[in-house]
Every structure is written in C-alpha cells, then in structure tokens.
Amino acid sequence: MNVQDFDETFEAVAAGLADVSGAELQSLLAAATHVARNSVCITDADLNPPGPRIVYVNPAFERMTGYTAAEVLGRDPRFLQGPATDRRVLDRLRTDLEAGRPFQGETMNYRKDGTPFTMAWRIAAVRGPDGRPTHYVAAQDDLTALRSTEQRVRSLADQLQGALLPSLPAFDLVEIAWRYRPVAGHAMVGGDWYDAVELADGSVAVLLGDSSGHDDEATALMGELRYTCRGLLRGFDDPGRVLDELDRAVLAERTPGDALATLVVAVIDPEGGVRYSTAGHPAPVIHRADGSVEVLDGARSRLVGASIAAEPRPTATARLGPGDVLIAFSDGAFERRDEDFDAGYDRLVARLRSAPLEPADQCIAAISVTVDEEDIEPLDDLSAVAVRLRF
C-alpha cells in the first residue's frame, strides 16, 4: 500500500468512527489497545505508594517486559525500575502529573530476567466528570535496539573522523598543537578539518576548514578539500592563490553553491613571516608574547565553492615573533544562539588572551565553550590548530 492509499484508508476509517459511540466505541478502543504494537499500561490515579496500581497491560507490555498480565496487575509500576533508572526523569514525571500535565520521557528499566532496556513512554490522565484524574494511561516503546544502533553509528563516525583528521607530524620550524571536539550525540561525521604541510623552502602551511553539513556529502567534501589543498601547496605557496585554485577544483563539476566550505590558509616562513587568506572563515589570531592579541582579518573573501570571481583572492601578511602563538579555529568555538557573531568572537579572543601562552593550551581554550565560566556542550563541532616558532 502506498502513502496515498494509506492516507485515504485512514481517513475513511476515521470518518466512519463518527457513527460509533457509547459502549461500542469503548469496546472498539479497548480492542485496538489490546492489539497495539506499542506497550500500554493503565494504572489508577493514586501517585503515592503503594500506588499507582496497574489495572491493565496489553500483550505488547508482556512481550517487552517478560511479565504476564497476571503477574503485574495490582502492582506499582516502580518494580520495573533499577540501578540505572534516571531519578531525574522520575521526579519530572511526578511533577508533571501532579501539575495536571501529560508526561513524556526516556529512561532505563529492567525486564523480568533482569536485563536492562531503554524505555520511552508517554503518560496522560483519564479524567472523571469532575475533571480529576481517575486513571493514567502510559504508551511505552522499547528503544534498546534503536539506541544501540545509534551508538554503533556514532562509533563508526568517530573512527571515520579520526581517519580523516590526522595526527600532525613534527616540524623543524614550528611547534604545533591541535584539538578537535565533536558536538555531543551527533551520529554523523562533522565537516571540520585541519592539516599542516611542510613546503619545499622549509615554510609550513597551516590549514583549518569547515565543510557545510554533517552528512556523507560533507564528509566526502572534507576529504576532497584536504587532499586537494595538499596537492595545490606543491605548486603554489600564496594562500590567496591556493584558495582560488581550490575554487576551480571544487567547481569543475559542480554548480556554484552546491558544495560550500570555509577555510583559512596560513604559510609561515623560516624568518617568521606569515602570509594568510581566509575564505568565509573566522579570522585567526596571533597571541603575542607580550600578552596582546592581533586579529588577522586583512584578507577576507567568499566561501570556497560559492563562485569563481574575476578578482583574485587577497593575501595579507603578519609576523610571528619569538614566543608568539598563531591560532586558527572553527566558528563552533564561539557561536551561540543567543549571541551575535562579533560578541562571540570577542569572547573567544578574551578566553585565548587569558589562557597560558602554549600552543596546546591555546587550542584547549579555543574549544572550551563556556557560559558564565561553566563548560557547556557546543552547538557545532570545534577544531583548533596553534603554532609557535621553535627559535
């Protein structure tokens, strides 16, 4: 049956229910509940022990828990709980029901044989003529298999991300540190990437980019950009030119806008000179040995993959002195829903300024998303690369 046929059938059945009422409707609803694939548990409305007492469970409940209806009728549903049951969810359940609100939540419960399972459930009150609850109806789902599959997918995503994000080699010219922090609970590989390449003259090119999206296309684009940049750096050492050539490679078989990414390219030469260019990416900074911070915002341009412009991308220059640290980071390091870009960027710069002047410490500061000095989960993946001259 296709979707349209199903919709038409459902609408026909629903329309037919208008002629069903009273005892016939109650009998129909009872039969539907009994054959439902979702577990259904109905209790009385007494929330205090020894209540609420179970007055009905359907066969799906028996299959999910391993208990028969005869074994659970009259019992308090709390017997399904155990060591891994989240008390915070149960406290919220009590609060919602006492306030007259429906409840929805997820926690760990235990089957008759003692094995844990992840249960999501929704509870609503059945009210009498006076408006007070007489019973509670809980519709329950076993999410164990789903959560296990999600965990395996996240594990595979982590492995793939690790394969695409390198452990950078040691360089004679610079000390280098890097950090990557994925957004919690995301099952797909992110678009953040970084790299560092030693050039023929001893210079070191540092790159940090962010491909749009969290899907297989973003993952493929991330790998394409990284390895294309590595190849381009063999022929071009000007960051703006590298970004222009990267545009041509990305758009060779694509329409402008189909594959977008931000990227910063910085080349540090043996004398401490820095040439850099940013394509839609947050400006990197140099944290000076004297404690000051210089924002490298002199060579901004459009996102990679947006278009091939007639004018070449700009390249700007800076200087990295003894003890100075250059750090590049993704926008996940400072973006928040309740804060504009500039305010978030300034907050990040202040965080870098207060962190120890070591490449690793600067990276850690960049990926530490805080609100009122408390670490919070980021909205997006975070990455950072920091370098310091060895002399």
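Further up the page is the structure itself.
Here we come to the nonpolar core. Core analysis: the largest hydrophobic core is formed by 49 residues, its most contacted members being Leu 263 and Ile 268. Ranked by residue count, the leading element in this core is strand E9 (residues 261-268), at 7 residues. If near-sequence neighbours (up to four positions away) are discounted, Ile 268 is found in contact with Leu 173, Val 174, Ser 203, Val 204, Val 206, Gly 273, Val 274, Leu 320, Val 387 and Leu 389. Counting 21 residues, the second largest nonpolar core, distinct from the first, contains Val 293, Phe 329, Ala 365 and Ile 367.

What follows covers unusual backbone geometry. With the exception of glycine, most residues fall at negative phi, and the peptide bonds are largely trans. With an omega of 10°, the peptide bond between Pro 49 and Pro 50 qualifies as cis. If you trace the backbone, Pro 50 turns up in the loop between strand E1 (39-44) and strand E2 (54-57). In this chain, Gly 51 is followed by Pro 52 through a cis amide linkage whose omega measures -5°. Residue placement: Pro 52 occurs in the loop between E1 and E2.

Time to look at the sheet that holds strand E15 (residues 325-329). The strand order across the open sheet built from 5 strands is E6-E18-E15-E11-E12, with neighbouring strands paired in antiparallel fashion. Because the sheet does not close on itself, it has two edges, and the strands there are strand E6 (174-181) and strand E12 (293-295). Averaged over neighbouring strand pairs, the angle between their axes works out to 20° when direction is ignored. Summarising the sheet, strand E11 (residues 285-287) and E15 pair through 3 bridges and their orientation is antiparallel. In the sheet register, Val 285 faces E15, and the bridge partner there is Ile 327. Most of the contacts of helix H9 (residues 341-354) go to E11, to which it runs at about 25°, and overall it touches E11, E12 and E15. Relative to the sheet, helix H10 (residues 359-366) contacts E6, E11, E15 and strand E18 (382-389), its axis offset from that of E18 by approximately 155°.

Turning next to helix H5 (residues 87-98). Over its 12 residues, H5 extends 17 Å from the first C-alpha to the last, a length consistent with the 16 Å expected when each residue adds 1.5 Å. All buried positions along H5 are accounted for by Val 89, Leu 90, Leu 93, Asp 96 and Leu 97. For H5, the angular spread of the buried residues around the axis is 125°, confining them to a single face. In H5, those exposed residues whose orientation departs by more than 90 degrees from the buried face are Arg 88 and Glu 98. Sitting at the head of H5, Asp 86 places a side-chain oxygen 2.9 Å from the backbone nitrogen of Arg 88.

What follows concerns the side chain of Ser 383. Take Ser 383: it is sitting in strand E18. What makes Ser 383 buried here is its relative accessible area of 0%. Within polar-contact distance, the side chain of Ser 383 engages the side chain of Asp 192 at 3.1 Å. Discounting chain neighbours no more than four positions away, the residues touching Ser 383 are Arg 179, Tyr 180, Asp 192, Leu 208, Ala 328, Phe 329, Ser 330 and Ile 367.

You can see Pro 239 is positioned in helix H8 (residues 239-250). Residue contacts for Pro 239: discarding those within four places in its chain leaves Val 265, Val 267, Arg 275, Tyr 276, Ser 277 and Thr 315.

The next point concerns the sheet that holds strand E5 (residues 133-142). Strand order in this open sheet of 5 strands is E2-E1-E5-E4-E3, and the pairing throughout is antiparallel. With one partner strand each, in any of the chains shown, E2 and strand E3 (103-110) form the two edges of the open sheet. Recorded for the sheet is a direction-independent mean angle of 25° between the axes of neighbouring strands. Sheet topology places E1 next to E5; 6 bridges connect them, and they run antiparallel. Residue pairing in the sheet places Ser 39 in a bridge with Gln 140 of E5. Relative to E3, H5 is tilted by about 140°, and along the sheet it contacts E3, strand E4 (116-127) and E5.

What follows concerns the layout of surface pockets. Computed from the structure, the largest pocket encloses a volume of approximately 470 Å³. Lining the largest pocket we find 23 residues, and of these Pro 77, Arg 78, Gln 81, Leu 93 and Ile 123 sit closest to its centre. Those elements that place two or more of their residues in the lining of the largest pocket are E1, H5, E4 and E5. With 6 residues, H5 is the largest single contributor of residues to the lining of the largest pocket. Considering only residue class, the lining of the largest pocket consists of 14 nonpolar, 4 polar and 5 charged.

Definitions and limits used
Residues numbered from 1 in each chain as written. Predicted model: local features only at pLDDT ≥ 70, side-chain atom pairs only at ≥ 80, totals over all residues. Heavy atoms only, no water. Core = buried A, V, L, I, M, F, W, Y, C linked by side-chain atoms within 4.5 Å. Buried < 20%, exposed > 50% of the residue type's maximum accessible area, 1.4 Å probe, protein only. Helix = DSSP H or I, 4+ residues; strand = E, 2+ residues; numbered from the N terminus. Contact = heavy atoms within 4.5 Å. Pairing = 2+ DSSP bridges. Axes fitted to C-alpha atoms, helices over the stretch in contact; angles between N-to-C directions. Expected span 1.5 Å × (residues − 1). Arc of directions from axis to C-beta. Polar contact = N/O pair within 3.5 Å; in protein donor to acceptor, adjacent residues only side chain to side chain. 1 Å grid on protein atoms, 1.4 Å probe; cavity = no way out; pocket = protein on both sides within 12 Å on 5 of 7 lines; lining within 4 Å. Points joined across faces, edges and corners; volume = space filled by probe spheres on them. Nonpolar A, V, L, I, M, F, W, Y, C, P; charged D, E, K, R; others polar.

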